Amino acid sequence: IWSVGCIFGELLKKKALMDGQGELDQINKIIALVGAPTETNWPDFQSLPNAKMFRWRSKGPPTLPATFPVNTFTGGQTYLDPNGFDLLSKLLTLDPKQRISGEDALKHPYFRSTEGVERQVPRFIFD
């Protein structure tokens, strides 16, 4: 499901969401986007092997809201309504136990909402 969130974000931004240049850089980009693991957002993190070896620190608040602004057609043009941002943030939740399931993601209001960007039926033009 994490990967689905990354792909969803990449489709919206039209570029790689977190293009790390190695494992540590990748982890730093993840932390910058969604925040560092804490007892609140990932209670079981400290029980993972080697988790105590590292102290991940954010350099400010998570950048997910700034990277994917809601209902804006300027700048990065993410075209996300509040439901879309909610789904994206649930797909990119750090704790796998708190992350939305595939079944619940398919039932998310984002796919049923009439708010936000107007839906269009694809039209194919054949000569």
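Residues numbered from 1 in each chain as written. Predicted model: local features only at pLDDT ≥ 70, side-chain atom pairs only at ≥ 80, totals over all residues. Heavy atoms only, no water.

Visitor: Lay out a nonpolar patch on the surface in plain terms, naming residues and giving numbers.
Guide: On the surface, Leu24, Met53 and Phe54 cluster together to form a nonpolar patch covering roughly 320 Å² of accessible area. The topology assignment puts Phe54 in the loop between helix 2 (23-34) and helix 3 (64-67). The partly exposed category is assigned to Phe54, whose relative accessible area is 34%. (Patch = residues over 30% accessible without salt bridge, like charges linked within 9 Å, V, L, I, M, F, W, Y side chains within 5 Å. Areas by Shrake-Rupley, 256 points an atom, 1.4 Å probe, with all protein chains shown as cover. Salt bridge = Lys/Arg side-chain N within 4 Å of Asp/Glu carboxyl O. Helix = DSSP H or I, 4+ residues; strand = E, 2+ residues; numbered from the N terminus. Buried < 20%, exposed > 50% of the residue type's maximum accessible area, 1.4 Å probe, protein only.)

Visitor: An account of the pattern of salt bridges is requested, with residue identities and associated values reported.
Guide: Taken as a whole, this structure holds three salt bridges when the rule is applied. One salt bridge connects Lys97 with Asp44, and the closest N-O pair in it is separated by 2.7 Å. Placement of Lys97 in the loop between helix 4 (82-91) and helix 5 (102-106) and of Asp44 in the loop between helix 2 and helix 3 is noted, with a sequence separation of 53 residues between them. Its salt-bridge partner being Asp86, residue Lys90 comes within 3.1 Å of it at the nearest N-O pair. Of this pair, Lys90 and Asp86 both sit in helix 4, four residues apart, which is roughly one turn of that helix.

Visitor: Explain the layout of surface pockets residue by residue, including any values.
Guide: The space that makes up the largest pocket amounts to roughly 230 Å³. Looking at the lining of the largest pocket, the element that brings in the most residues is helix 2, giving three residues. Residues that form the lining of the largest pocket fall into these classes: nine nonpolar, one polar and one charged. (1 Å grid on protein atoms, 1.4 Å probe; cavity = no way out; pocket = protein on both sides within 12 Å on 5 of 7 lines; lining within 4 Å. Points joined across faces, edges and corners; volume = space filled by probe spheres on them. Nonpolar A, V, L, I, M, F, W, Y, C, P; charged D, E, K, R; others polar.)

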